[in-house]
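# A look at the structure
Next come the chains, spelled out residue by residue.
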Amino acid sequence: MKIKPEEISQVLRTEIEAFEKTVAVEETGTVLSVGDGIARVYGCEKVMFGELLEFPGNVFGLAMNLEEHSVGVVLLGDDRAIKEGDEVRCTARIMEVPVGEALVGRVVNALG
C-alpha cells in the first residue's frame, strides 16, 4: 500500500480546521507566612481589595492588605492545614452573601 501525499495533507487540513484552542490563565501566588488567621501571600500582583483567594483544602481568604510585594489575606476557614509554600489561586470574585426572606427585617452586625 502506498501513501499518497494528497491524502496526508487532506487529513492534516481536516484536523487543523477541527482543532479548538482554549487557554485558561490563572493568577497564582505562594504563601509566605500564616498565623492568627492571617496569611501573607506573594505573587498575586493583580489581586483586588476584597477578592476571594483559594487556598489548599478548599479554604478561602479575603484580600485586605495590598502591598507592593505581598498581600495580607484574612482566612475564612481553618488555617492549620495551610503552610508556607502552599499555592494560592486568585478567583476574581468578591465575597458575597445570599439574602432572602429569612434576612428581611433583621439587624446584622459585622460578625453576621
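See the structure above.
Residues numbered from 1 in each chain as written. Predicted model: local features only at pLDDT ≥ 70, side-chain atom pairs only at ≥ 80, totals over all residues. Heavy atoms only, no water.

### Overview of the nonpolar core
Worth spelling out the cut-off: Here, nonpolar core means buried Ala, Val, Leu, Ile, Met, Phe, Trp, Tyr and Cys residues that are tied together by side-chain atoms lying within 4.5 Å of each other. Throughout this description, buried means an accessible area under 20% of the type-specific maximum (1.4 Å probe, protein chains only), exposed means over 50%, and partly exposed covers the range between. The helix and strand labels rest on DSSP assignments: H or I over at least four residues marks a helix, E over at least two residues marks a strand, and numbering proceeds from the N terminus. Every residue pair with non-hydrogen atoms within 4.5 Å of one another is taken to be in contact.
Formed by 15 residues in total, the largest nonpolar core has its most connected members in Val41, Val47, Leu53, Phe55 and Val73. Going through the elements one at a time, β2 (38-42), β3 (51-55), β4 (59-66), β5 (71-75) and β6 (87-94) are the ones with two or more residues in this core. At three residues, the largest contribution of residues to this core is made by β5. What Val41 contacts, discounting residues up to four positions off in sequence, is Gly29, Thr30, Leu32, Phe55, His69, Ser70, Val71, Val73 and Val88.

### A closer look at a nonpolar patch on the surface
Cut-off, in case you're wondering: Each patch is built from residues lacking any salt bridge and having more than 30% relative accessible area; the joining distance is 9 Å for like charges and 5 Å for nonpolar side chains (Val, Leu, Ile, Met, Phe, Trp, Tyr). Here the Shrake-Rupley method, with its probe set to 1.4 Å, supplies the accessible areas, and only the displayed protein chains count as covering residues. Any Lys or Arg side-chain nitrogen found within 4 Å of a carboxyl oxygen on Asp or Glu counts as a salt bridge.
A grouping of Ile38, Phe49, Met64, Leu66, Val74, Leu76, Met95 and Val97 is seen on the molecular surface, where their side chains present a nonpolar patch of about 700 Å² in accessible area. For Val74, the position within the fold is in strand β5.

### Structural notes on the pattern of salt bridges
Going through the model one piece at a time under the given rule, you end up with five salt bridges. Glu67 is the partner of Arg40 in a salt bridge, and the nearest nitrogen-oxygen pair spans 3.0 Å. Of this pair, Arg40 sits in strand β2 while Glu67 sits in the loop between β4 and β5; the two residues are 27 residues apart in sequence, bridging distant segments of the chain. The partly exposed category is assigned to Glu67, whose relative accessible area is 43%. With its nearest N and O atoms 2.2 Å apart, the salt bridge here joins Arg89 to Glu54. Remark: Glu54 occurs in strand β3 and Arg89 occurs in strand β6; sequence separation between them is 35 residues.

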